[in-house]
Amino acid sequence: MSDTSPSPVSVKPVSLSRFLIEEQRSKGQINADLRLLIEVVARACKRISIAVGKGALGGVLGSAGTENVQGETQKKLDVLSNEILLEANEWGGHLAALASEEMDDPHPIPNRYPKGEYLLVFDPLDGSSNIDVNISVGTIFSVLRCPEGVTEPDEQAFLQRGTRQVAAGYAVYGSSTVLVLTLGDGVHAFTLDREQGGFVLTQSNLTIPEDTGEFAINMSNIRHWEPPMRRYIDELLAGKTGPRGRDFNMRWVASMVADVHRILTRGGIFIYPRDLKDPSKPGKLRLMYEANPMAFVVEQAGGAATTGRARILDVKPEKLHQRVPVFLGSRNEVERATRYHTEADAS
Ligand SMILES: O=P(O)(O)OC[C@H]1O[C@](O)(COP(=O)(O)O)[C@@H](O)[C@@H]1O
């Protein structure tokens, strides 16, 4: 039987620029400034991808000898990625301010440049522990509108619920570099064509299956978990003979971007729960530039994202670098784990 499917070379590739222009035309979802913003972020991600790809040859591996606001040692690539994103974004006139995991306070747009209506917040290189060992890392970003009438945006201007995001996404620097984007109307993936130097649409309207047999969690923290969290994982580990009546498999990259990308590709649940090791820290991951953008992407792909007790996108931020527990991915598993927590709280 002859194969009638079109050969891949006969299909015209859709570049990120073309995709954005068509979105602007057909749905009015974005304006020219937002389009420029996404293109600039994508260009910065391309530069970060090149730096990551050079590895030891680029002289960028290892520690920068500094600490960020969370007291974490910064890697040279963390600092470089932050600089790339700042430099790419500050002069275009599309932003009112930027904020990053790697900077204590928001970064204002220098006075010599025009200001725009958007705020950009990002984790320039997520998965720090994997940078030097050649395992996937990534950039996560979230776009908010600058509150009306605010001309010098400070931390307060950024403290908006995740539901206010107008765009979000991430780039994963793996065996290929993939940019995943939502503008609030589905989730789309663009692969970096290393020869042509641009991002090309490779998947539209990604969907996370409702059910899954795969979970991602740092099991070494089990002794610190709350009882409902232990209950949920114990049931998965019990497999066929346990209350769930089936086996579950575990995958854990320890780069949130790579773990979320796997879930977007084939389903799963990712959990970084609250633990009792340090009661002052309600979880490890940061709300504004890790949990919120990933929750937006996951919900737009039909999945769910909670803190184990409430929807992440509804959390009212109190601090730029605030942490939250994160449960996200296949809807039925996220809902079950969340139910175990709310039931335990109510009893
Ligand atoms: O190895 P741990 O401590 O469980 O942390 C892994 C998690 O920390 C992160 O690397 C985030 O921390 P960084 O922003 O410092 O990289 C996530 O990508 C990942 O899921």
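Model, not experiment: these values are computed from the prediction.

A. Fine view of the site of the ligand. The environment of the ligand is formed by 13 residues, the closest being G127, S128, N218, A254 and M256. Grouping the amino acids of the shell around the ligand by side-chain chemistry returns three nonpolar, five polar and five charged.

B. Layout of the pairing of strand 7 (residues 167-173). Burial runs high along strand 7: seven of the seven residues are buried. Of the two faces of strand 7, both are covered, the one formed by A167, G169, A171 and Y173 as well as the one formed by A168, Y170 and V172. Pairing geometry for strand 6 (residues 137-145) and strand 7, over seven bridges, is antiparallel. Paired with V137 across the bridge in strand 7 is Y173. Linking strand 7 to strand 8 (residues 177-182), which pair antiparallel, is a turn of three residues.

C. Examining the sheet that holds strand 7 more closely. The strand order 4-3-5-6-7-8-9-10 describes an open sheet built from eight strands, whose pairing is mixed. Only two strands of the sheet have a single partner each, and these edge strands are strand 4 (107-108) and strand 10 (198-203). Direction of pairing for strand 5 (residues 118-126) relative to strand 6: antiparallel, over a ladder of seven bridges. If you follow V121 over to strand 6, its bridge partner there is S142. Strands strand 3 (95-100), strand 5, strand 6, strand 7, strand 8, strand 9 (187-193) and strand 10 of the sheet are contacted by helix 2 (residues 32-54), whose axis makes an angle of about 15 degrees with strand 7.

D. Broad picture of the nonpolar core. Core analysis: the largest hydrophobic core is formed by 97 residues, its most contacted members being L120, M294 and L328. Lining this core are residues from two domains, each supplying at least three of them: domain 1 (11-203) and domain 2 (214-346). Setting aside residues no more than four positions away along its own chain, M294 makes contact with I140, M256, V260, A305 and L328.

E. Representation of the UniProt feature "binding site: Mg(2+) 2" (unreviewed entry) in the protein chain within the structure. UniProt records the feature "binding site: Mg(2+) 2" (unreviewed entry) at D123, D126 and E290, using the numbering of this structure. These residues run over 168 residues, yet every pair of their C-alpha atoms falls within 8.5 Å of each other. Structurally, the position occupied by D123 is in strand 5. Ignoring anything within four residues of it in the chain, the contact list for D123 reads E101, T139, I140, Y289 and E290. Counting through the fold element by element, D126 comes out in strand 5. By C-beta crowding, D126 is classed as buried, having 29 other C-beta atoms within 10 Å. Apart from the residues within four sequence positions on either side, D126 is in contact with V137, G138, T139, I140, S255, M256, V257 and E290.

Analysis parameters
- Residues numbered from 1 in each chain as written.
- Predicted model: local features only at pLDDT ≥ 70, side-chain atom pairs only at ≥ 80, totals over all residues.
- Near = placed C-beta within 6 Å.
- Nonpolar A, V, L, I, M, F, W, Y, C, P; charged D, E, K, R; others polar.
- Buried ≥ 20, exposed ≤ 12 C-beta atoms within 10 Å, placed from the backbone.
- Helix = DSSP H or I, 4+ residues; strand = E, 2+ residues; numbered from the N terminus.
- Pairing = 2+ DSSP bridges.
- Contact = placed C-beta atoms within 7 Å.
- Axes fitted to C-alpha atoms, helices over the stretch in contact; angles between N-to-C directions.
- Core = buried A, V, L, I, M, F, W, Y, C linked by C-beta atoms within 7 Å.
- Domains from an automatic or database assignment.
- UniProt positions renumbered as here; feature names shortened; annotations may be inferred.

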